[in-house]
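Summary of the model geometry
Here is how the chains run, residue by residue.
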Amino acid sequence: MNIADQTFPAVDSANEDRAQAIRDQLRDAIVDRRLAPGTKLSEGEVGTLFDVSRTVARAALQMLSFEGLVRTERNRGAFVANPSPEEARQVFASRRLIEPGIAIAAAERMTPAHVVAFKAQLDEEGRFIAERGPSARRSEIKASGDFHLLLASVAGNVILQRFMEELVARSSLVIALYGRSGVSSCGHSEHMNILEALESGNAERASALMLHHIDHIEADLDLRVRSGPALRQALEF
């Protein structure tokens with residue numbers, strides 16, 4: 001289904017802004033795994049929590065559905081997405097097509113101020129990598145994604161930037177679900193190498209490093225299809 005096929009609730013500009021704000025908060029909770037895959041997102045409950053009408057809540061959920069972070073089922077409602085291994089592969093295939101070109105464009109537009117912003121981002125990323133525990137892991141995944149979003153912003157193409165926002169959100173959910181524990185979700189040292197190439201204006205090297213980097217992220221995922229345990233085994237009877 002493409003955007004032309006989407007039916008969004010009619011909301012005025014103020015309510016549209018509110019729906020987008022709710023979408024942003026729900027998106028952060030999904031990507032951070034505070035809302036687990038499969039969690040039901042009731043329009044009524046969302047409306048009550050954010051003190052808005054069901055129409056505004058529905059608009060926010062449909063925005064997330066279009067981004068692939070929420071799935072809707074007829075007569076059942078909306079649920080946090082639970083991407084399959086094949087969907088995960090498609091996300092990273094899309095990133096391979098887009099991000100090397102973004103790196104080239106960014107290399108041509110880099111300024112000293114951009115370099116300072118990237119180094120600050122990498123410092124934050126490094127702090128989370130040094131920490132331990134589920135909260136630090138979620139923060140690391142988010143910080144790693146923010147590096148790629150900053151790169152898209154520097155590249156200066158608003159359309160590609162919006163594509164990257166969706167891809168990074170989907171990637172973060174995939175990494176949280178399928179990433180191997182104890183391994184960095186998005187190599188910090190590889191980000192540093194990409195920044196060095198960008199700072200020196202070496203667009204081709206930045207592009208090649210980005211492609212290698214995306215391959216590395218996907219290789220860190222365990223996308224093997226497994227059958228779940230029987231009820232008896234799951235309950236340890």
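Now for a quick tour of the structure. (Residues numbered from 1 in each chain as written. Predicted model: local features only at pLDDT ≥ 70, side-chain atom pairs only at ≥ 80, totals over all residues. Heavy atoms only, no water.)

**Considerations on the overall build of the protein**
Across its full length, the protein carries ten helices and three strands. Listing each helix as α and each strand as β along the protein from the N terminus yields α-β-α-α-β-β-α-α-α-α-α-α-α. Looking at the protein residue by residue over its 237 residues, the buried ones come to 39%. Intrachain contacts of the protein at a sequence separation of at least 6 include 78% that bridge at least 24 residues. Summing over all exposed atoms, the protein offers an accessible surface of approximately 13000 Å²; the carbon and sulfur share of this is 51%. (Helix = DSSP H or I, 4+ residues; strand = E, 2+ residues; numbered from the N terminus. Buried < 20%, exposed > 50% of the residue type's maximum accessible area, 1.4 Å probe, protein only. Contact = heavy atoms within 4.5 Å. Areas by Shrake-Rupley, 256 points an atom, 1.4 Å probe, with all protein chains shown as cover.)

**Section: the packing of helix α8 (residues 188–200) against helix α9 (residues 203–219)**
For the pair α8 and α9, the least separation of the axes is 8 Å and the interaxial angle reads 165°. Judged by the inter-axis angle, α8 sits roughly antiparallel to α9. In this structure, the crossing between α8 and α9 has a hand that is left-handed. Contacts from Glu-190, His-191, Asn-193, Ile-194, Ala-197 and Leu-198 in α8 reach Arg-205, Ala-206, Leu-209, Met-210, His-212, His-213 and His-216 in α9. When its residues are assigned to classes, the contact of α8 with α9 shows six nonpolar, five polar and two charged. (Axes fitted to C-alpha atoms, helices over the stretch in contact; angles between N-to-C directions. Parallel < 35°, antiparallel > 145°, perpendicular 65-115°, else oblique. Left-handed = near helix turned anticlockwise from the far one by under 90°. Nonpolar A, V, L, I, M, F, W, Y, C, P; charged D, E, K, R; others polar.)

**A short note on the pattern of salt bridges**
Following the criterion strictly, the structure yields 13 salt bridges and no others. Between Arg-95 and Glu-99 there is a salt bridge whose closest N-O contact spans 2.5 Å. Of this pair, Arg-95 and Glu-99 both sit in helix α4 (residues 85–107), four residues apart, which is roughly one turn of that helix. Side by side, Arg-95 and Glu-99 carry an identical accessibility label, which is buried. (Salt bridge = Lys/Arg side-chain N within 4 Å of Asp/Glu carboxyl O.)

**A few points about α9**
Its 17 residues give α9 an end-to-end C-alpha distance of 24 Å, which sits within 8% of 24 Å, the value for a rise of 1.5 Å per residue. For α9, the complete set of buried residues consists of Ala-203, Ala-206, Ser-207, Leu-209, Met-210, His-213, Ile-214, Ile-217 and Glu-218. (Expected span 1.5 Å × (residues − 1).)

**Points about the pairing of strand β2 (residues 70–73)**
As judged from the four bridges shared by β2 and strand β3 (residues 77–80), these two strands associate in the antiparallel manner. Bridged to Val-70 within β3 is Val-80. The hairpin formed by β2 and β3 contains three residues between the paired strands, and Asn-75 there has a positive phi angle of roughly 65°. (Pairing = 2+ DSSP bridges.)

**Things to note about the nonpolar core**
Residues Phe-92, Leu-151 and Leu-198 are the most contacted members of the largest nonpolar core, which totals 36 residues. Elements represented by at least two residues in this core include exactly α4, α5 (112–130), α6 (134–155), α7 (158–178), α8 and α9. Looking at this core, the element that brings in the most residues is α4, giving eight residues. In this structure, Phe-92 is in contact with Ser-171, Val-174, Ile-175, Ile-214, Ile-217, Glu-218 and Leu-221, ignoring residues within four places of it in sequence. Counting 23 residues, the second largest nonpolar core, distinct from the first, contains Val-52, Ala-59, Leu-69 and Val-80. (Core = buried A, V, L, I, M, F, W, Y, C linked by side-chain atoms within 4.5 Å.)

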